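Each chain, written out:
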Amino acid sequence: MSALAEALVDLDAIASNVRTIAAVTGTGLMAVVKADGFGHGAVQVARAALRAGATWLGVTSTTEALALRDAGVTAPTLSWLHGPDDDFGMLIKGGVDVGVSTTTHLHAVADAARLLGVPAMVQLKADTGLSRNGAAGDDWPELVGWARKYEREGGIRVRGVWSHLADADLPGAPALTRQVTTFEEALRTARSAGLDPELVHLANSAAALSAPRTRFDLCRIGIALYGVDPFGANGPGDFGLRAAMTLRTSVVNVKRVAAGTGVSYGPEHVTGAPTTLALLPLGYADGLPRAAGGSASVWLAGRRCPIVGRIAMDQCVVDAGDLPVTIGDPVVVFGPAEGDKHPPTVVEWARWADTNPHEILTGIGARVAREHLHGRARNS
């Protein structure tokens, strides 16, 4: 490796996950590639997902949407998180659908469309219980009423109505049923106002895999696209998803130390016996959560070895015991199992840091080189 660390992204795993999920849902799929494809590379993931049958792409910002267009990705794309003063004209010219949650935003989109002389494609979002974006209560009839007015005038076309679930990763949660009912009511309101959306979507990864009532026309797949089971260890079953990322590095220093040796800052760890310490050039600036220090492990010399002491900004220390470790030895921080190699998973790293896999994946820093591969990334 020329870089101190690299993230290997298996694009065949991305494609496999698209096909696996599509076989379950029987609907169109929106591949969510926000946050640079959850750290995997938005353009590369988008292309792999589209080749495998995804029909839409999802992002959160104008910058993300236009980066796809600049890379030559022309597939239908929805961008859904904007300030009211965003440059909606750029999205309209790029053929990007705009997610709209307030009348303030809708007026701005309609104004941009009027200036361009080109209708804007919008998808109206209802807040059905997540209490983030989306229109709720009396704001929803007002939003759909204005949307219908602008649509009659030719300024916009309401292509979709959608919402987002709060706890679909908890199978059987009562809130899921309430949200679906609220969404169906919002959809009836929109249609009663004269809107005729061709796309209705509610399901995220968890709902797409487990809740048929949420699937409608399109399912938005985020974390499952990258091979992470959205339910964790207590889910309804093994869906056959393949982890797409392997994070690996190599040992840059080795030292044999005596019992009673302090390791890293504090020290919060003191060796209990003579042991070998291996230094890795990865730290919290690269995405290893500081909170995981003292709990996490890596795959080194054919087995899992614990990270000891505090994880620093640029490096961390592994206790290799009596293993014959030398400078340059490969290390897998997380990745899929392969043969007799069983490195930690991103789900385990999330548990060690008391967070979710999304944060681990999106936190992998810019100093970590990305390499996009076809075929399973080797845990070498």
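Small disclaimer: the values here were computed from a predicted structure and weren't measured. (Residues numbered from 1 in each chain as written. Predicted model: local features only at pLDDT ≥ 70, side-chain atom pairs only at ≥ 80, totals over all residues. Heavy atoms only, no water.)

K.L.:
Could you give me a rundown of the overall build of the protein, with the residues and numbers involved?
P.N.:
Looking only at helices and strands, the protein features 11 helices and 19 strands. Taking 21 Å as the expected radius of gyration for a compact globule of 380 residues, we find that the protein reaches 24 Å, a close match to that expectation. Across its three principal directions, the C-alpha atoms of the protein cover 80 × 40 × 40 Å. For the protein, the residues scored as buried account for 54% of the 380 residues in total. Across the protein, every contact between residues at least 6 apart in sequence was considered, and the portion connecting residues at least 24 apart equals 67%. With an accessible surface of roughly 15,700 Å², the protein has 51% of that area assigned to carbon and sulfur atoms. On the protein, the mean spot of the 34 positive side-chain charges and the mean spot of the 38 negative ones are 3 Å from each other. (Helix = DSSP H or I, 4+ residues; strand = E, 2+ residues; numbered from the N terminus. Rg over C-alpha atoms; globule rule 2.2 N^0.38 Å. Buried < 20%, exposed > 50% of the residue type's maximum accessible area, 1.4 Å probe, protein only. Contact = heavy atoms within 4.5 Å. Areas by Shrake-Rupley, 256 points an atom, 1.4 Å probe, with all protein chains shown as cover. Lys, Arg positive; Asp, Glu negative; His and termini not counted. Charge placed at Lys NZ, Arg CZ, Asp CG, Glu CD.)

K.L.:
Run through the UniProt feature "modified residue: N6-(pyridoxal phosphate)lysine" (unreviewed entry) in the protein, naming residues and quoting values.
P.N.:
The positions that UniProt labels "modified residue: N6-(pyridoxal phosphate)lysine" (unreviewed entry) are, in the present scheme, K34. Excluding its chain neighbours within four sequence positions, the residues that come into contact with K34 are G58, V59, T60, E64 and W80. (UniProt positions renumbered as here; feature names shortened; annotations may be inferred.)

K.L.:
With reference to specific residues and values, describe the pattern of salt bridges.
P.N.:
Summed over the entire model, instances satisfying the criterion amount to 16 salt bridges. We note a salt bridge from R148 to E151, for which the minimum N-O separation is 3.1 Å. In this pair, R148 and E151 are both assigned in helix α7 (residues 139-153), 3 residues apart and thus about one turn of the helix distant. With a closest N to O distance of 3.9 Å, E198 and R157 form a salt bridge. In this pair, E198 sits in the loop between α8 (174-192) and β8 (199-201) while R157 sits in strand β7 (residues 156-162), placing the two residues 41 residues apart along the sequence. Members of the salt-bridge network, linked through shared partners, are D97, R148, E151, R157, R159 and E198. (Salt bridge = Lys/Arg side-chain N within 4 Å of Asp/Glu carboxyl O.)

K.L.:
Any details on unusual backbone geometry? Residues and values, ideally.
P.N.:
With an omega of -10°, the peptide bond between G266 and P267 qualifies as cis. Within the secondary structure layout, P267 lies in the loop between β12 (262-263) and β13 (269-270). One non-glycine residue, A35, lies in the positive phi region at around 50°. Looking at the element boundaries, A35 is found in helix α2 (residues 34-38).

K.L.:
With reference to specific residues and values, describe the packing of helix α6 (residues 103-116) against α7.
P.N.:
Two quantities define a packed helix pair, namely the angle between the axes and the distance from one axis to the other. Across the interface, α6 lies against α7 with an axial gap of 10 Å and an inter-helix angle of 10°. In this view, α6 runs roughly parallel relative to α7, as classed from their interaxial angle. Facing α6, whose interface residues are T103, L106, H107, A110 and R114, α7 presents E142, L143, W146, A147 and Y150. A breakdown of the residues in the contact of α6 with α7 according to their chemical character gives 6 nonpolar, 2 polar and 2 charged. (Axes fitted to C-alpha atoms, helices over the stretch in contact; angles between N-to-C directions. Parallel < 35°, antiparallel > 145°, perpendicular 65-115°, else oblique. Nonpolar A, V, L, I, M, F, W, Y, C, P; charged D, E, K, R; others polar.)

K.L.:
Account for the pairing of strand β9 (residues 218-221), with residues named and values stated.
P.N.:
What you see with β9 is no split at all: L218 and R220 on one side and C219 and I221 on the other are buried throughout. Bridge count for strand β2 (residues 28-32) against β9 is 4 bridges, and the pairing is parallel. Among the inter-strand pairings, A31 is bridged to a residue of β9, identified as I221. (Pairing = 2+ DSSP bridges.)

K.L.:
Tell me about the sheet that holds strand β14 (residues 275-280), and please be specific about residues and values.
P.N.:
One open sheet accounts for 9 strands, arranged β11-β14-β17-β16-β15-β18-β10-β1-β19; its pairing is mixed. Only two strands of the sheet have a single neighbouring strand rather than two, namely β11 (253-257) and β19 (369-373). Neighbour-to-neighbour, the strand axes of the sheet open up by a mean angle of 35°, direction not taken into account. Where β14 and strand β17 (residues 316-321) come together, 5 bridges link them in antiparallel fashion. Pairing of L277 across the sheet is with D319, part of β17. Of the strands in this sheet, β1 (5-10) and β19 are in contact with helix α1 (residues 11-25), which crosses β1 at around 40°.

K.L.:
Before we move on, could you go through the UniProt feature "active site" (unreviewed entry) in the protein and cite the residues and values that matter?
P.N.:
Annotation from UniProt places "active site" (unreviewed entry) at K34 and Y265. For this annotated set, covering 232 residues, the C-alpha atoms extend up to 35.5 Å from each other, a dispersed arrangement in space. By the secondary structure assignment, K34 is in helix α2. If you trace the backbone, Y265 turns up in the loop between β12 and β13.

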